[in-house]
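What the coordinates show
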Amino acid sequence: MNSEMDGDIENQVELEEKTRLINQVLELQNTLEDLSARVDAVKEENLKLKSENQVLGQYIENLMSASSVFQTTDSKSKRK
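Taking an unreviewed UniProt entry as the reference, the chain is identified by name as Short coiled-coil protein B belonging to Carassius auratus. We quote the UniProt Function (unreviewed entry) comment for the chain here in full: "Positive regulator of amino acid starvation-induced autophagy."

In structure tokens form, the structure reads like this:
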């Protein structure tokens with residue numbers, strides 16, 4: 001009878017351990033899914049910002065080329 005109770009207790013402990021491990025695995029899977037979704041969102045935002053930076057860079061180049069302040073000057077003719 002005593003060994004039967006010991007076996008039941010061992011089975012109960014194993015079952016509790018398995019349940020704990022399964023719950024931990026499920027929690028880690030959820031965390032991984034959340035992190036993956038966050039990475040995707042950050043990638044998308046990064047692409048959007050790169051595109052905006054290109055547009056702004058082109059805009060600044062256009063402004064600089066249209067302004068006489070940023071035009072190259074002939075330094076040889078200025079020195080004479």
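Moving on, there is more to tell.
**Some details on the overall build of the chain**
Along its length, the chain carries two helices and zero strands. For the chain, with 80 residues in total, the buried portion stands at 0%. Summed over all atoms, the accessible surface of the chain reaches about 7900 Å², with 56% contributed by carbon and sulfur.

**Things to note about the UniProt feature "coiled-coil region" (unreviewed entry) in the chain**
Those residues carrying the UniProt feature "coiled-coil region" (unreviewed entry) are residues 18-52 in this numbering. Secondary structure across residues 18-52 comprises 100% helix and 0% strand; the distance between its end C-alpha atoms is 51 Å.

**Notes on a nonpolar patch on the surface**
On the surface, a nonpolar cluster with roughly 640 Å² of combined accessible area is contributed by Y59, I60, L63, M64, V69 and F70. Following the sequence through the fold, F70 ends up in the loop between α1 (2-66) and α2 (75-79).

**What to know about a negative patch on the surface**
Together, D40, E44, E45 and E52 make up a negatively charged patch on the protein surface. Structurally, the position occupied by E52 is in helix α1.

**What about the environment of E17?**
With respect to the element layout, E17 can be found in helix α1. Looking at E17, its side chain comes within polar contact range of the side chain of R20, at 2.8 Å.

**Observations concerning the pattern of salt bridges**
Counting across every chain of the model gives one salt bridge. With a closest N to O distance of 2.8 Å, E17 and R20 form a salt bridge. Placement of both E17 and R20 in helix α1 is noted, with a separation of three residues, approximately one turn of the helix. With a relative accessible area of 36%, E17 lands in the partly exposed category. On the basis of relative accessible area, R20 is assigned to the partly exposed category, the value being 43%.

The rules behind each value
- Residues numbered from 1 in each chain as written.
- Predicted model: local features only at pLDDT ≥ 70, side-chain atom pairs only at ≥ 80, totals over all residues.
- Heavy atoms only, no water.
- UniProt positions renumbered as here; feature names shortened; annotations may be inferred.
- Helix = DSSP H or I, 4+ residues; strand = E, 2+ residues; numbered from the N terminus.
- Buried < 20%, exposed > 50% of the residue type's maximum accessible area, 1.4 Å probe, protein only.
- Areas by Shrake-Rupley, 256 points an atom, 1.4 Å probe, with all protein chains shown as cover.
- Patch = residues over 30% accessible without salt bridge, like charges linked within 9 Å, V, L, I, M, F, W, Y side chains within 5 Å.
- Salt bridge = Lys/Arg side-chain N within 4 Å of Asp/Glu carboxyl O.
- Lys, Arg positive; Asp, Glu negative; His and termini not counted.
- Charge placed at Lys NZ, Arg CZ, Asp CG, Glu CD.
- Polar contact = N/O pair within 3.5 Å; in protein donor to acceptor, adjacent residues only side chain to side chain.

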